[in-house]
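# Report on the structure
So the chains spell out like this:
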Amino acid sequence: ITTDDEAELLWQADRLLGNDWYAFSMLRYYRDWNSSIQETAALVVGMGHEFHPLPDLDLALQAGVGEVGFNLDQSGKQIENAGSIRWRSDWKLPWRSMALFHQGEFSWVLDDDAINRLETRSGLSLPLLSGILAELRLDYQRYGIDFEGQKDDLEWVFSLGYRW
């Protein structure tokens, strides 16, 4: 039997600059006791751009740098400078305000590129009630450092969330 203990909190504030460009500040906390990078807290600032190639297709790309504190399985807690690249695509479907989406993030420690994390999420988003939405998605995570001989994780997720 395998149990999973994961938690994530993400907050981002954007300052719109015009022509679909924005500056952002992001705070993120992530915990996964069953991975090589067990705990991460980050403050990242950077720039982003949104694209709208088709009426029902939205794309976003953002990159930034910041400070990250993390807890490695064997090494204890560290604070380092880090980089982050995030992307997202949303394709609005014509019925029930559903959308297909794909999002991802690659983050790494600037001084040690072996300490990195790739995370992608692909799935279906379904609005339920005024701001509450459900997601059925496939999550993939890959770490630059092995954890008990395993570098990646693939799982199906059903989640409920709120979007302003």
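Summarised in this report is the structure supplied together with it.

The grouping of L128, L129, I132, L136, W156, F158, L160, Y162 and W164 at the surface amounts to a nonpolar patch, some 1200 Å² of accessible area in total. Contributions of two or more residues to the nonpolar patch are made by β7 (112-129), β8 (132-147) and β9 (150-162). With four residues, the single largest contributor to the nonpolar patch is β9. Here L136 shows up in strand β8. Residue classification places L136 among the partly exposed residues on the basis of a relative accessible area of 47%.

With that out of the way, let us pick up the pattern of salt bridges. Scanning the model with the defined rule gives twelve salt bridges in all. A salt bridge links E105 to R86; its shortest N-O distance comes to 3.0 Å. Residue E105 is found in strand β6 (residues 99-109), and its partner R86 is found in strand β5 (residues 76-92); the two are separated by 19 residues along the sequence. Here R86 falls in the buried class, since its relative accessible area comes to 17%. With its nearest N and O atoms 3.1 Å apart, the salt bridge here joins E119 to R117. Taken as a pair, E119 and R117 share a single burial class, namely buried. Among the charged side chains, a network of salt bridges with common partners joins E8, R28, R86, E105, R117, E119, R121, E135, R137 and D139.

Within the largest apolar cluster, 14 residues are counted, with the highest numbers of intra-cluster contacts made by F24, I37, V44, V68, F70, L72 and I115. Counting residues per element, the ones that place at least two in this core are β2 (21-32), β3 (37-54) and β4 (57-72). Here this core takes four residues from β2, the largest share from any one element. Look past the residues within four positions of I37 in its chain and what remains in contact with it is D32, F70, N71, L72, I115, N116 and Y143.

Moving on to the environment of V157. Topologically, V157 is positioned in strand β9. The spacing of V157 and R137 is 20 residues in sequence and 5.4 Å in space, taken between C-alpha atoms. Apart from the residues lying within four places of it in its own chain, the contact partners of V157 are E135, L136, R137 and D139.

Turning our attention to the packing of aromatic side chains. One pass over the full model with this rule turns up one aromatic pair. Judged by centre distance (5.5 Å) and plane angle (25 degrees), the ring pair of F106 and W108 falls under stacked. Residue F106 is classed as partly exposed on the basis of its relative accessible area, which comes to 30%. Residue W108 is classed as partly exposed on the basis of its relative accessible area, which comes to 23%.

The rules behind each value
- Residues numbered from 1 in each chain as written.
- Predicted model: local features only at pLDDT ≥ 70, side-chain atom pairs only at ≥ 80, totals over all residues.
- Heavy atoms only, no water.
- Patch = residues over 30% accessible without salt bridge, like charges linked within 9 Å, V, L, I, M, F, W, Y side chains within 5 Å.
- Areas by Shrake-Rupley, 256 points an atom, 1.4 Å probe, with all protein chains shown as cover.
- Salt bridge = Lys/Arg side-chain N within 4 Å of Asp/Glu carboxyl O.
- Helix = DSSP H or I, 4+ residues; strand = E, 2+ residues; numbered from the N terminus.
- Buried < 20%, exposed > 50% of the residue type's maximum accessible area, 1.4 Å probe, protein only.
- Core = buried A, V, L, I, M, F, W, Y, C linked by side-chain atoms within 4.5 Å.
- Contact = heavy atoms within 4.5 Å.
- Phe/Tyr/Trp six-rings, centres within 6.5 Å; stacked < 30°, edge-to-face > 60°.

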